[in-house]
Amino acid sequence: MNCRSLAYVVFAACLAVPCASLGQTALGGNVQKADTLPRIPAPSGPFGIGRIGYDWTDPSRRDDYSTDPKAHRELMVYFWYPTSERIADPRGPYFPGAQQMDIVPEIQSRMRRAFGGNWPSIVSETIFSHAVGHAPVAKRPRQFPVIIFSHGAGSTGFNYTCLIEDLVSRGYVVAAIEHTYAAKAVWFPDGRVIPLHEDSPPAGLSPAERSKWMGARITAGINEGAADVRFVLDRLTKMNGDTQRFPLAGRVDLNRAAAMGHSAGAEFAARACQLDARFKACIDLDGGMVPVAALPLSSDGATMKQPLLFLEAYHPESQMGGLSHATIAQYYKTREEQLQSCPRGTYAVVLQSAGIAHPSFSDIPLLFAGQNEWPEIPVVLHNLDLIERFVREFAGKTLKHEKAPLLDGGAAPVPEATVERYGH
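Engineer: Help me understand the sheet that holds strand β2 (residues 72–83), please; the structure alone is not making it clear to me.
Structural biologist: Paired through backbone hydrogen bonds, the strands of a sheet run either parallel or antiparallel to each other. One open sheet holds the ten strands; their spatial order is β5-β1-β2-β7-β6-β10-β11-β12-β13-β14, and the pairing between them is mixed. Each end of this open sheet is capped by a strand with a single partner; those strands are β5 (132–133) and β14 (417–422). Direction of pairing for strand β13 (residues 346–351) relative to β14: antiparallel, over a ladder of six bridges. When the sheet's bridge partners are listed, Ala348 is paired in β14 with Glu420. Where helix α4 (residues 161–169) meets the sheet, its contacts fall on β1 (48–62), β2, β6 (144–150), β7 (173–178), β10 (252–262) and β11 (279–285), and the angle it forms with β2 comes to roughly 50°. Together, β6, β10 and β11 form the strand contacts of helix α6 (residues 264–275), whose direction differs from that of β11 by roughly 155°.

Engineer: What should I look at first to understand the packing of aromatic side chains in this one?
Structural biologist: For any pair of aromatic rings, the description rests on two quantities: the centre-to-centre distance and the angle between the ring planes. This structure, assessed with the given rule, holds 17 aromatic pairs. Seen from their ring centres, Tyr65 and Tyr181 are 5.0 Å apart, and the 65° between their planes marks the pair as edge-to-face. Here the residue Tyr65 occupies a position in the loop between β1 and β2, and Tyr181 occupies one in the loop between β7 and β8 (185–187), the gap between them amounting to 116 residues. According to the relative accessible area criterion, Tyr181 is buried, its value standing at 14%. Seen in terms of ring centroids, Trp80 and Phe158 are 6.4 Å apart; in terms of plane orientation they differ by 45°. Their pairing is tilted. Remark: Phe158 occurs in the loop between β6 and α4 and Trp80 occurs in strand β2; sequence separation between them is 78 residues.

Engineer: What should I look at first to understand the pairing of strand β12 (residues 308–313) in this one?
Structural biologist: For β12, the tally of buried residues reaches six of six residues, placing the bulk of the element in the interior. Covered by surrounding structure in β12 are Leu308, Phe310 and Glu312 together with Leu309, Leu311 and Ala313, the residues of both alternating faces. Sheet topology places β11 next to β12; four bridges connect them, and they run parallel. Across the sheet, Ile283 pairs through a bridge with Leu309, a residue of β12. Both β12 and β13 contribute to a ladder of five bridges, which runs parallel.

Engineer: Would you mind going over the layout of surface pockets with me for this structure?
Structural biologist: To locate leftover empty space, one rolls a probe as large as a water molecule over the atoms. Taken as a whole, the largest pocket spans an internal volume of roughly 400 Å³. Tyr65, Arg217, Ala220, Gly221 and Glu224 are the residues nearest the centre of the largest pocket, which is lined by 22 residues in total. The set of elements that each furnish at least two residues to the lining of the largest pocket consists of β1 and α5 (207–239). If you tally residues by element for the lining of the largest pocket, the top one is α5, at six residues. Per-class residue counts for the lining of the largest pocket are seven nonpolar, five polar and ten charged.

Engineer: Is there a simple way to think about the pairing of β7 in this case?
Structural biologist: Consecutive side chains along a regular strand alternate between the two faces of the sheet. Within β7, six of the six residues are buried, leaving the element largely enclosed by the surrounding structure. Across the two faces of β7 the burial is the same, with Val173, Ala175 and Ile177 and Val174, Ala176 and Glu178 all buried. Pairing between β2 and β7: five bridges, direction antiparallel. Of the residues in β7, the one forming a bridge with Trp80 is Val174. Both β6 and β7 contribute to a ladder of five bridges, which runs parallel. Bridge pairing in β7 links Val146 to Val173. With respect to chirality, the unit in which β6 leads through α4 into the neighbouring parallel β7 is right-handed.

Definitions and cut-offs
- Residues numbered from 1 in each chain as written.
- Predicted model: local features only at pLDDT ≥ 70, side-chain atom pairs only at ≥ 80, totals over all residues.
- Heavy atoms only, no water.
- Pairing = 2+ DSSP bridges.
- Helix = DSSP H or I, 4+ residues; strand = E, 2+ residues; numbered from the N terminus.
- Contact = heavy atoms within 4.5 Å.
- Axes fitted to C-alpha atoms, helices over the stretch in contact; angles between N-to-C directions.
- Phe/Tyr/Trp six-rings, centres within 6.5 Å; stacked < 30°, edge-to-face > 60°.
- Buried < 20%, exposed > 50% of the residue type's maximum accessible area, 1.4 Å probe, protein only.
- 1 Å grid on protein atoms, 1.4 Å probe; cavity = no way out; pocket = protein on both sides within 12 Å on 5 of 7 lines; lining within 4 Å.
- Points joined across faces, edges and corners; volume = space filled by probe spheres on them.
- Nonpolar A, V, L, I, M, F, W, Y, C, P; charged D, E, K, R; others polar.
- Right-handed = clockwise from strand over helix to strand, strands pointing away.

Now the structure itself:
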């Protein structure tokens, strides 16, 4: 099954490379001509975009994959934030650390497989973002809502530049986590580059034992990712009063915090919200764990404590990996029960536009537009716009108390979207 036709998420993606980074080797490794290079669309909101990265260590959690027995869980967290001035032609690295990654042969090989012919252009920064490093924070409003974002397994937060920049330009701070060992590779300022860690089941397991092993790894992956999300909110709470070390100090409204993620990252966000009422909203982007459940299932029985946007691409049964109709029906039954248990203000939105698929929530279709089986640029941009509109509406309603006509009626319905309201 190729990347575009993959239309559902089996959470074993936590343990392997996801579709957004598969199948690109054939696209080649040569630098593309400038007139064919992908361009990240200019954000449509009134704010410019700043970005700053932090290397944070959680002393409460050990790093089980490090060769140093004293090592603790370490993350790179990039804050994307609104700036007052809109530079005429703002340009920043699309992927900070790409140049350092490119000089490590193993990492260079991984990134070339992931990004194909785009990788040299990412390294040279001829493919770029609109984020200006260490730019002054916008003076107004006094505080901004914050969204903590988690990428998919084997991906990177920078693969969601379009979505993040759109939100920031509309007045949100986005804290994008590079989930160490779950990201394709993470560059740290001291020069280390940590690649994706891929576990393999022990040899000789029976099918039942293998299934049990996989289930345990999936649960551990979700819990680790959720702990990352909660840790970032903890550290942000401390940093929000530190005007010496944190340029956003006092400017982040911690009473208006949301968790958002795509694919495996959606499960990190959802699990964090199940456990932590400090989050006021949850945005789950195509994170359904077919054939198991839409949201994380845990022995503690935790459910969503805040409104949820469950936004997904339409996934026909024919593209669900040969699962039986009965298995798929059971998944949708569980999905419905989980959504019904969510608080008031929850929405399930299914998008059925041309060319939309699991990677459409990221920049990947834009980077490869028109190549092999990927949609052309107008189709890609239409789908990105559709996704961004629903994310903006939900974030605006839950974090800014704005009206949401696409979700609640009052606007012409979008023919490509099915909106269902939930909540008890």
